Amino acid sequence: MTLKHILLHPDPRLKKVCAPVEGVTPELGKLAEDMLQTMYDAPGIGLAAPQVGVMQRLFVMDCVKGQDEAAKPMVLINPEVTWTSEDRSTYEEGCLSIPEQFAEVTRPARVRMAWTGLDNQRHEEEFDDLWATCAQHEFDHLNGKLFIDYLGPIKRQLITRRMEKFKRERARG
């Protein structure tokens, strides 16, 4: 397994719509495994392919947080939102591409998604709570949308400026 480099905002690749995955291959399975390792190492609960520079419609997530609970890694290939609830929930979101920056985002409280799994079968599941927020957040990445795009322009600009400074300082080493 290889840890992947996570792109940091602002990066133009994070604002692009991703192409559909053409087929489930061993290489795609390796990418998904590497993405899961990268996500756990970060640590995070979700990671989309464009965040590691792969412009395809694929994301991984695992929202199990309890130490004594078994991990539930999920790989969603070509996911589609098939339904969202009218009721909303607000979570303080963060992003591995925007480290140490958090903001409250309101989204549908429940969401149903259909996707292809690594088993090349079609799956459909309804997510709620943190799983629903995470699935929608990662799905947004596939469409070139970041959680800060839900914020007002002043807060979004402030976070972007902080990230630009963070990247400059990191580049200096």
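What comes next is a walk through the structure. (Residues numbered from 1 in each chain as written. Predicted model: local features only at pLDDT ≥ 70, side-chain atom pairs only at ≥ 80, totals over all residues. Heavy atoms only, no water.)

## Remarks on the overall build of the protein
(1) Moving on: Helix and strand counts for the protein stand at 3 helices and 7 strands.
(2) Moving on: Each helix and strand of the protein, placed in order from N terminus to C terminus, yields the pattern α-β-β-β-β-β-β-β-α-α.
(3) Moving on: In terms of overall dimensions, the protein is globule-like: its C-alpha atoms have a radius of gyration of 16 Å, near the 16 Å expected for 173 residues.
(4) Moving on: Across its three principal axes, the protein shows a C-alpha extent of roughly 45 × 40 × 35 Å.
(5) Moving on: Expressed as a percentage of its 173 residues, the buried residues of the protein come to 44%. (Helix = DSSP H or I, 4+ residues; strand = E, 2+ residues; numbered from the N terminus. Rg over C-alpha atoms; globule rule 2.2 N^0.38 Å. Buried < 20%, exposed > 50% of the residue type's maximum accessible area, 1.4 Å probe, protein only.)

## What to know about helix α1 (residues 26-41)
(1) Moving on: A rise of 1.5 Å per residue sets the reference length of α1, with its 16 residues, at 22 Å; its end C-alpha atoms lie 22 Å apart and thus fit the reference within 8%.
(2) Moving on: Restricting attention to buried positions, one finds in α1 the residues L28, L31, A32, D34, M35, L36, T38 and M39.
(3) Moving on: Buried residues along α1 sit against β1 (46-48), β2 (58-61) and β3 (74-84). (Expected span 1.5 Å × (residues − 1). Contact = heavy atoms within 4.5 Å.)

## What to know about the pattern of salt bridges
Side chains that differ in charge, positive against negative, can pair when their charged atoms come close.
(1) Moving on: Tallied over the entire structure, the rule returns 11 salt bridges.
(2) Moving on: Among the charged side chains, a salt-bridge network with shared partners connects D87, R110, R112 and E126. (Salt bridge = Lys/Arg side-chain N within 4 Å of Asp/Glu carboxyl O.)

## A look at helix α2 (residues 129-142)
(1) Moving on: For α2, built from 14 residues, the straight-helix expectation of 20 Å at 1.5 Å per residue is met to within 8% by its first-to-last C-alpha distance of 21 Å.
(2) Moving on: Along α2, 12 of the 14 residues are buried, which leaves the element largely enclosed by surrounding structure.
(3) Moving on: Regarding α2, the residues found buried are W131, A132, T133, C134, A135, Q136, H137, E138, F139, D140, H141 and L142.
(4) Moving on: Among the residues trailing α2, G144 stands out with phi positive, at a value near 75°.

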